[in-house]
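Remarks on the overall topology
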Amino acid sequence: MALTAHQKSVIEANRRKALERLKQRGITKPGSNNGNIVTKNSDSILTANAKAEAVPQESTSLIERTVQENASTSAELSKQSAQSLRDASLSPNVVFSMNARHFTDKSPNVASKEVVKLRPTIRKKDYIEYDLSTMKNTYGGFINSNDDNDVANYESNSTSKKEQSLEEWKREQRERRSLYEDAPPPEHISLAPKCTECQINIEMDPIMKDIFHLKVCKTCVKAHPEKFSLLTKTECKEDYFLTDPELNDTSLFDRLEKPNPHSGTFARMQLFVRCKIEEFAFNKWGGERGLDEEWQRREEGKVSRREKKYHKMLKEMRLKTRAQEYTNRLKELKHGKGHVHEFGAPVDGGNNQDGIPVHKRKCVGCDLEIEEIML
């Protein structure tokens, strides 16, 4: 369709106005090619090619500087994070700006763009120092199996052993080795001390020799348990009727102390040799016969005490029975004696409503009549 001259002049005027507006906005420069500007419905728009060409050089340089600053900042942060040895959170005053792409600190004392140093979560001075030389394995409260072979643990004074230093312990071990291993042999075999039981062996049991002062070899200790077996404190009191003051007297009996097998917190177990316990008990009760008589006397005392307790309980039961009987008599005097039914012989009563044969019985005292079903 052909345009009139008036229409063409109006379109040209609108085009010039649009160009003026674009120049005022800085999108196009004076004298630039305006061939890409088209009109539609009398409205001027900018095409995609014109937009790309209209980007100013100042904006491009600003973007490039921002990208370079962000790249240098990220490189510094990566270097500092690689040097840190533990993971720790930043200070609460430090924030991350998504627009500026770098860390900033809002605190007034810290300059802008300054990265706060990482704070360790654990201080090196917070630790506990253990003295391993003073630690001891208690085996959970159970007996150490090595104690049977360690004669140094057989000493009665256990508190002094805990206070021993390393030098004292080494000196004690050297003395023991010199006593048992490094001791010079006797001038003649007949001059060496021999076992008092077999008179043959010259090597004594260290426990019997050091603790109980008995010159007995290990073979005789195993062969004669009736003499050299070890008794607990309870067995000494039950079998030989010895008292606690007598057993606690160190001048009367030698003892071997061990950890209590029932619990590590209980009192230490004390063991006594049987031959010395028997010797003291025979002297106390007048020989073996006197000890048997004392055992018989104590058993009879137990039986008599048991009988007395039985008779006492029987008497209390009789008193309770008499009290109940007396209470029943008082009730009879106050309310009368309770009636007890006495039924006579059964009589044929015919059939009941269900057609089952029944028998009738009648009380002699109160004429109470009951029916019995014959099955």
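Everything below is about the structure printed above this text.
Residues numbered from 1 in each chain as written. Predicted model: local features only at pLDDT ≥ 70, side-chain atom pairs only at ≥ 80, totals over all residues. Heavy atoms only, no water.

**A word on the nonpolar core**
- In terms of nonpolar packing, the biggest core is built from 15 residues, with M208, F212, L214, V216, F228 and L256 touching the most fellow members.
- Sorting the residues of this core by element identifies α6 (206–210), α7 (218–223) and β7 (269–273) as the ones contributing at least two each.
- For this core, the element with the most residues is β7, which contributes 3 residues.
- Leave out the neighbours within four places in its chain, and F212 touches I207, L230, D254, R255, L256, L271, F272, V273 and K276. (Core = buried A, V, L, I, M, F, W, Y, C linked by side-chain atoms within 4.5 Å. Buried < 20%, exposed > 50% of the residue type's maximum accessible area, 1.4 Å probe, protein only. Helix = DSSP H or I, 4+ residues; strand = E, 2+ residues; numbered from the N terminus. Contact = heavy atoms within 4.5 Å.)

**Points about the sheet that holds β7**
- One open sheet holds the 3 strands; their spatial order is β5-β7-β6, and the pairing between them is antiparallel. The open sheet is flanked by β5 (230–232) and β6 (256–258), the only strands paired with a single partner. Each strand axis lies, on average, 35° off the axis of its neighbour in the sheet, ignoring direction.
- Sheet analysis places β5 next to β7, joined by 3 bridges and oriented antiparallel. Following the sheet pairing, L231 is matched in β7 by F272.
- Sheet strands in contact with helix α11 (residues 274–285) are β5 and β7, and its direction is about 75° off that of β7. (Pairing = 2+ DSSP bridges. Axes fitted to C-alpha atoms, helices over the stretch in contact; angles between N-to-C directions.)

**Some thoughts on the packing of aromatic side chains**
- Applying the stated criterion across every chain, the model contains 3 aromatic pairs.
- Aromatic side chains F253 and F280 sit 5.1 Å apart centroid to centroid with 75° between the ring planes, which places their arrangement in the edge-to-face category. Residue F253 is found in the loop between α10 (244–248) and β6, and its partner F280 is found in helix α11; the two are separated by 27 residues along the sequence.
- Relative accessible area serves as the criterion here: at 3%, F253 is assigned to the buried category.
- One aromatic cluster is present, formed by F253, F272 and F280 through successive ring pairs. (Phe/Tyr/Trp six-rings, centres within 6.5 Å; stacked < 30°, edge-to-face > 60°.)

**Section: helix α12 (residues 287–335)**
- Taking 1.5 Å as the rise per residue, α12 with 49 residues should run 72 Å; its terminal C-alpha atoms sit 72 Å apart, in good agreement.
- Within α12, burial applies to G287, G290, L291, E294 and G301.
- Tucked inside the fold, the buried residues of α12 contact α9 (233–239) and α11.
- Positive backbone phi, at 90°, marks G336, one or two positions downstream of α12. (Expected span 1.5 Å × (residues − 1).)

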